[in-house]
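Structural features, examined
What follows is the residue order along each chain.
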Amino acid sequence: MTSAVPVVTDIAYQDLLDDPYPIFRRLREIAPAVFVAPAKLTLVTRFDDIMRIERDPATYSADNPASLVNKVMGPTFMRKDGAEHAIGRKAIEPSFRPATIKEHLAPQFTAIAERLIDDLSASDEADLFSALAAPMASLSLMAMIGFRRMPWQTLADWSQALIDGAGNYAADAEVQRKAMQASVDVDAAIDAVLDDHRSHLNPSILSSMVNADPPMPIEDIRANIKVIIGGGLNEPRDAILTLVLGLLENPAQKDSVLAKPELWPAALEEAVRWISPIGMYPRRVTRDVDLSGITLPQDLQIGLCVGAANRDGSRFAEPDRFDVTRPKQSHLAFGAGPHFCAGTWVSRLTVGKIVAPMLFARLRNLRLRAEAPPVVRGWVFRGPVTLPVRWDA
């Protein structure tokens, strides 16, 4: 016999932003799916349940007109299923081919990282959010998309506004206003370069979209670029910061990784499991269905909390602990199934093979500042919002 979705009302939305993990633990213990009143959403928090959902897109659809992502960004391929999703993925595929990443992107990313870390070397302390991770992610994404050069802060501001809008489950009017203004600004930036990309084929995402066969319609280009700006900037930014934070808080593990560079990929995977940059994304239930003993009614909006699933104790031993020696095991930080993140390989290259190794190699005795502890925030999107550090000049 199945049960109705239980309701939880005694959770403060601010607590979700500050530290969602105790809440996630409680929700996992209550039921497979729980309606969390302050978030206005039914949340799924167990690893096995999310994997089951991701293997059944016919029942748990990404095609969700009511989602905040659609309201802020438009009909992106991330909110489509089947052939429509595949067409969108195929249109950007040329920009994400291994040869393109190796020959075109890796040299650009390396040059950006070298320049930023050169600037850091002139001092002996900084906040790595604003001094390294945010500009690194912004400048790299700017090159990937094919925008004209602009201050890195502009793209970063657009990204933050868009993801805040996509995660605005508290229905904050000012958050919505900023998101919609960013949407308008991104449209203008696309319009400024699209003719150039149409007439000059190149490895950029905009060029791949506009020269796809058939060409992607302009409204789809705009929506998909916005979703790429959201996840494609915040995910590598927060992965850089989380990886550095995890190592600096665990000096023995840091020393092990520095002594054995082959551990860098495992360290990155553990970092994004430990604090998943993209912590939740929505699905729509297309029919009445049983999920591990709970009845989910047709058209119910659910949130897949991969940030919670990646700390599910039934899947990961001591899940709240950062541990680069953890036995290799798949996680959900990059999603799963047909919607597995298209930028996963770019993120692994940027964070695990370029930025983090270069940072620790160049800044001697890199360490946290005891008088200025880092701040980690968010639940739909989560990562350090400040990471003050010091090193020996």
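What counts, and at which threshold
Residues numbered from 1 in each chain as written. Predicted model: local features only at pLDDT ≥ 70, side-chain atom pairs only at ≥ 80, totals over all residues. Heavy atoms only, no water. Helix = DSSP H or I, 4+ residues; strand = E, 2+ residues; numbered from the N terminus. Rg over C-alpha atoms; globule rule 2.2 N^0.38 Å. Buried < 20%, exposed > 50% of the residue type's maximum accessible area, 1.4 Å probe, protein only. Contact = heavy atoms within 4.5 Å. Areas by Shrake-Rupley, 256 points an atom, 1.4 Å probe, with all protein chains shown as cover. Lys, Arg positive; Asp, Glu negative; His and termini not counted. Charge placed at Lys NZ, Arg CZ, Asp CG, Glu CD. Pairing = 2+ DSSP bridges. Phe/Tyr/Trp six-rings, centres within 6.5 Å; stacked < 30°, edge-to-face > 60°. Core = buried A, V, L, I, M, F, W, Y, C linked by side-chain atoms within 4.5 Å. Salt bridge = Lys/Arg side-chain N within 4 Å of Asp/Glu carboxyl O.

**Details of the overall build of the protein**
Within the protein one finds 15 helices and 13 strands. In terms of overall size, the protein behaves like a compact globule, its C-alpha atoms giving a radius of gyration of 21 Å where 393 residues would be expected to give roughly 21 Å. Taken along its principal axes, the extent of the C-alpha atoms in the protein is 65 × 55 × 40 Å. Per-residue burial over the protein gives 56% buried out of 393 residues. Residue pairs at least 24 apart in sequence account for 70% of intrachain contacts in the protein once pairs closer than 6 positions are excluded. Only carbon and sulfur atoms are counted for the fraction: they give 55% of the accessible area of the protein, which is about 16300 Å². Treating the 43 positive side-chain charges of the protein as one cloud and the 48 negative ones as another, the clouds have centres 2 Å apart.

**Concerning the sheet that holds strand β1 (residues 7-8)**
Spatially, β1-β2-β3-β9-β6-β4 is the arrangement adopted by the six strands of the open sheet, whose pairing is mixed. In the strand order of this sheet, the two ends are held by β1 and β4 (60-61), each with one partner. As paired elements, strand β6 (residues 281-285) and strand β9 (residues 301-304) share four bridges and run antiparallel to each other. Counted as the bridge partner of Tyr-281 is Leu-304 from β9.

**Comments concerning unusual backbone geometry**
Residue Pro-214 is bonded to the preceding Asp-213 through a cis peptide linkage, with omega at 0°. One can find Pro-214 in the loop between α10 (205-210) and α11 (218-248). Positive phi outside glycine occurs at Ser-292, with the angle close to 50°. Even without glycine at this site, Glu-318 takes up a positive phi of about 45°. Among the secondary structure elements, Glu-318 is positioned in the loop between α14 (306-309) and α15 (344-362). The class of Glu-318 is exposed, set by a relative accessible area of 53%.

**Details of the pairing of strand β13 (residues 388-392)**
Where strand β5 (residues 125-127) lies against β13, three bridges are found, and the strand directions are antiparallel. Of the residues in β13, the one forming a bridge with Ala-126 is Val-389. Of the pairings in the sheet, the one linking strand β10 (residues 364-368) to β13 comprises three bridges and is antiparallel in character. Among the inter-strand pairings, Arg-367 is bridged to a residue of β13, identified as Arg-390.

**Quick look at the packing of aromatic side chains**
One pair of aromatic rings is described through two measures. These are the centre distance and the angle between the planes. A full pass over the atoms with the stated rule returns six aromatic pairs. Here the aromatic rings of Tyr-21 and Phe-24 are separated by 6.0 Å at their centres, their planes lie at 80°, and the arrangement is edge-to-face. Note that Tyr-21 and Phe-24 are positioned in helix α2 (residues 21-30) at a spacing of three residues, about one turn of the helix. A residue is classified by how much of its surface remains accessible, and Phe-24, at 2% relative accessible area, is buried. For the ring pair Trp-264 and Phe-360, a centre distance of 5.9 Å and an interplane angle of 45° mean the geometry is tilted. Taken as a pair, Trp-264 in helix α13 (residues 264-274) and Phe-360 in helix α15 lie far apart in primary sequence, 96 residues in all.

**As for α13**
Taking burial as the measure, the 11 residues of α13 include nine buried ones, the bulk of the element. Buried within α13 we find Trp-264, Ala-267, Leu-268, Glu-269, Glu-270, Ala-271, Val-272, Arg-273 and Trp-274. Each element contacted by the buried residues of α13 is listed here: α2, α11, α12 (251-259) and α15.

**Describing the nonpolar core**
Among the nonpolar cores identified, the biggest contains 133 residues, and Phe-147, Ile-225 and Trp-379 are the most heavily contacted of them. Element by element, the count of residues in this core is highest for α11, at 14 residues. Beyond its immediate chain neighbours, meaning those up to four positions away, Trp-379 contacts Tyr-13, Leu-16, Leu-17, Pro-20, Phe-24, Ala-39, Leu-43, Tyr-169, Gly-279, Met-280 and Cys-305.

**Remarks on the pattern of salt bridges**
Across all of its chains, the model carries 24 salt bridges by this definition. Its salt-bridge partner being Asp-187, residue Lys-226 comes within 2.9 Å of it at the nearest N-O pair. Taken together, the positions of Lys-226 in helix α11 and Asp-187 in helix α9 (residues 173-199) put the pair 39 residues apart, joining distant regions of the chain. Taken together, the shared-partner salt bridges connect Glu-125, Arg-369, Glu-371 and Arg-390 into one network.

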